[in-house]
Amino acid sequence: MYNNSMNVIGLMSGTSIDGVDICLVSFKKTDNTKYNIVFTKTFVYEKIWVKKLKESILLNKKELNKLDIEYGNLLSEYVKKFIKEFSITKIDLISSHGHTIFHEPNKGITLQIGNGNTINKNTKIQVISDFRTQDISLEGQGAPLVPIGDLNLFPNYKFCLNLGGFCNISIKNFEGIKAFDICPVNTVLNHYSNKLGYEFDKNGGLSNKGTINSNLLNELNKMEFYNKSGPKSLGIEFVNAKILPLLDKFTLNPKDILRTYIEHISNQINRSVPYDPKNKILITGGGAYNQTLINAIKMKINSEIVIPDKKIIDFKEAMIFAYMGLLRSKGKINCLKSVTGALRDHSSGKVFKN
């Protein structure tokens, strides 16, 4: 840790519903872009919580409010276990993304559960959460949010690509940065891995045994979303309404679906990354471990691909939310209109303190 530091715990739960990533980040007080990731841990959800989160889209408002507090209690427990396990003595702030239930920005809807007030009361530490709703109210997409971190914390990369539940990219230029969601990734790959009896496609071993179906690939690549220019973002609603019904219509072996869908992902990434052999692209998120996916991307992308160490692959988003929370605590801009399409840059997140 830096001697003169702000120590922030970042929490991130992705749409893949595999668990909660927690990291403690020490930011230099005099320059918040200087940081150390001190401790990290992923808390895997118990089966009851996987079920609750998957079925949450069926709940009414009263039930969602109850789940919001229950999930806030769960995050509190994870944080307390994290603090105890690593004997952490100094924490200035907890910054929590929460878990996304709904995200339909074009309808003005977004919801991340994990009640910040509950976490604050349980831990007695200042909490910042709910980073998306203010951007939606400013006519933005409420996503992606990590580009502020890509811009300031990863200055050596022109392109930052995250392969999580969804794929999103940040592209830096002379004017700053633009970013957008490209396509679903692990939300789809995990679904068909589950059908084969696996939690996910470990190292791309399942998809590597599949065959590309050109008819399905063409149908996927023709989807209307891919012709839109950014800012644009995706939610699980797109997967359930558009992607899964199309894939199931072809009644293929799940391994063939996996391999075809990976080809689709790499096609869309190739469409989204400008030709630039001089610059590097940083790839993070769980999809970075899927060798079939990485090989498909390498076959198409001209830029040098950099896959960092495990800590950055797994905890980059949690770390950036820690940074976003720190900026919000100082009233500094953490949400960029060039990325979300909001009316203005702003400092987003609700603050809860004793």
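Please read all numbers here as calculations on a predicted model, not as lab measurements. (Residues numbered from 1 in each chain as written. Predicted model: local features only at pLDDT ≥ 70, side-chain atom pairs only at ≥ 80, totals over all residues. Heavy atoms only, no water.)

Moving on, we come to the sheet that holds strand β12 (residues 304-306). The 5 strands lie next to each other as β10-β9-β8-β11-β12, forming an open sheet whose pairing is mixed. Every other strand in the sheet has two partners, leaving β10 (176-184) and β12 as the edge strands with one partner each. Pairwise comparison of adjacent strand axes, ignoring direction, gives a mean angle of 20 degrees for this sheet. Bridge analysis of strand β9 (residues 166-173) against β10 gives 8 bridges, and the strand direction is antiparallel. The residue bridging I171 from the neighbouring strand is K178, located in β10. Each of β8 (159-163), β9 and β10 is contacted by helix α9 (residues 254-272), which is oriented at about 160 degrees to β10, the strand it contacts most. Contacting β8, β9 and β11 (280-284), helix α11 (residues 310-329) crosses the sheet at an angle of about 80 degrees to β11. (Pairing = 2+ DSSP bridges. Helix = DSSP H or I, 4+ residues; strand = E, 2+ residues; numbered from the N terminus. Axes fitted to C-alpha atoms, helices over the stretch in contact; angles between N-to-C directions. Contact = heavy atoms within 4.5 Å.)

With that settled, the discussion passes to the nonpolar core. L161, L163, I243, L247 and I269 are the most contacted members of the largest nonpolar core, which has 44 residues in total. The residues contacting L163, other than those within four sequence positions of it, are V185, N186, I269, I283, T284, G285, G286, G287, A288, L293, I294 and I297. Core analysis: the second largest hydrophobic core is formed by 36 residues, F27, L145, I312 and L326 among them. (Core = buried A, V, L, I, M, F, W, Y, C linked by side-chain atoms within 4.5 Å. Buried < 20%, exposed > 50% of the residue type's maximum accessible area, 1.4 Å probe, protein only.)

What follows deals with the layout of surface pockets. Using a probe with the size of a water molecule, rolled over the atoms, empty space left in the structure can be pinpointed. If you add up the space inside the second largest pocket, you get close to 470 Å³. As for the second largest pocket, its lining consists of 19 residues, of which N106, F225, K228, L234 and F238 are closest to the centre. At 4 residues, the largest contribution of residues to the lining of the second largest pocket is made by helix α8 (residues 236-249). For the lining of the second largest pocket, a count of residues per class yields 7 nonpolar, 5 polar and 7 charged. (1 Å grid on protein atoms, 1.4 Å probe; cavity = no way out; pocket = protein on both sides within 12 Å on 5 of 7 lines; lining within 4 Å. Points joined across faces, edges and corners; volume = space filled by probe spheres on them. Nonpolar A, V, L, I, M, F, W, Y, C, P; charged D, E, K, R; others polar.)

Moving on, we get to the packing of helix α6 (residues 186-195) against α8. Interaxial distance between α6 and α8 falls to 10 Å at its minimum, and their mutual angle equals 50 degrees. Relative to α8, α6 is oriented oblique. Viewed along their axes, α6 and α8 form a crossing whose handedness is right-handed. In this structure, α6 contributes T187, V188, H191 and Y192 to the contact, and α8 contributes I236, V239, I243, L244, L247 and D248. (Parallel < 35°, antiparallel > 145°, perpendicular 65-115°, else oblique. Left-handed = near helix turned anticlockwise from the far one by under 90°.)

Within the open sheet, the 6 strands sit side by side as β3-β2-β1-β4-β7-β13. Their pairing is mixed. In this open sheet, the two strands that pair with only one neighbour each are β3 (31-44) and β13 (350-352). Geometrically, the sheet is characterised by an average inter-axis angle of 20 degrees between neighbouring strands, direction not taken into account. In terms of strand pairing, strand β2 (residues 19-28) meets β3 through 10 bridges, oriented antiparallel. Each residue of the ladder has a partner; that of F27, found in β3, is Y35. Sitting on the sheet, helix α3 (residues 116-123) touches β4 (93-96), β7 (127-129) and β13, and the angle it makes with β7 is about 165 degrees.

It is worth spelling out the packing of helix α7 (residues 214-221) against α9 at this point. At a minimum axis distance of 9 Å, the contact between α7 and α9 shows a crossing angle of 40 degrees. Classified by the angle their axes make, α7 and α9 are oblique. The handedness of the crossing between α7 and α9 is right-handed. Contacts between α7 and α9 pair L216, L217, L220 and N221 from the former with T260, Y261, E263, H264, N267, Q268 and R271 from the latter. Here the contact of α7 with α9 is built from residues that sort into 4 nonpolar, 5 polar and 2 charged.

Counted by the stated rule, this structure contains 10 aromatic pairs. Each ring, one from F43 and one from Y78, has its centre 4.8 Å from the other, and the planes form 15 degrees; the classification is stacked. Taken together, the residues span a long stretch of sequence, with F43 in strand β3 and Y78 in helix α2 (residues 61-85) at a distance of 35 residues. The same class applies to F43 as to Y78, namely buried. Look at F225 and F238: their rings are 5.5 Å apart centre to centre, the planes differ by 50 degrees, and that puts the pair in the tilted class. Of this pair, F225 sits in the loop between α7 and α8 while F238 sits in helix α8, placing them 13 residues apart in sequence. F238 matches F225 in its accessibility class, with the two residues each being buried. Clustering of aromatic rings is evident, with ring pairs tying together F27, Y35 and Y323. Lying over the aromatic face of F43, K41 brings its terminal NZ or CZ to 5.4 Å of the ring centre. The ring of F154 is capped by K316, whose NZ or CZ atom sits 5.5 Å from the centre of that ring. (Phe/Tyr/Trp six-rings, centres within 6.5 Å; stacked < 30°, edge-to-face > 60°. Lys NZ or Arg CZ within 6 Å of the ring centre and 35° of its normal.)

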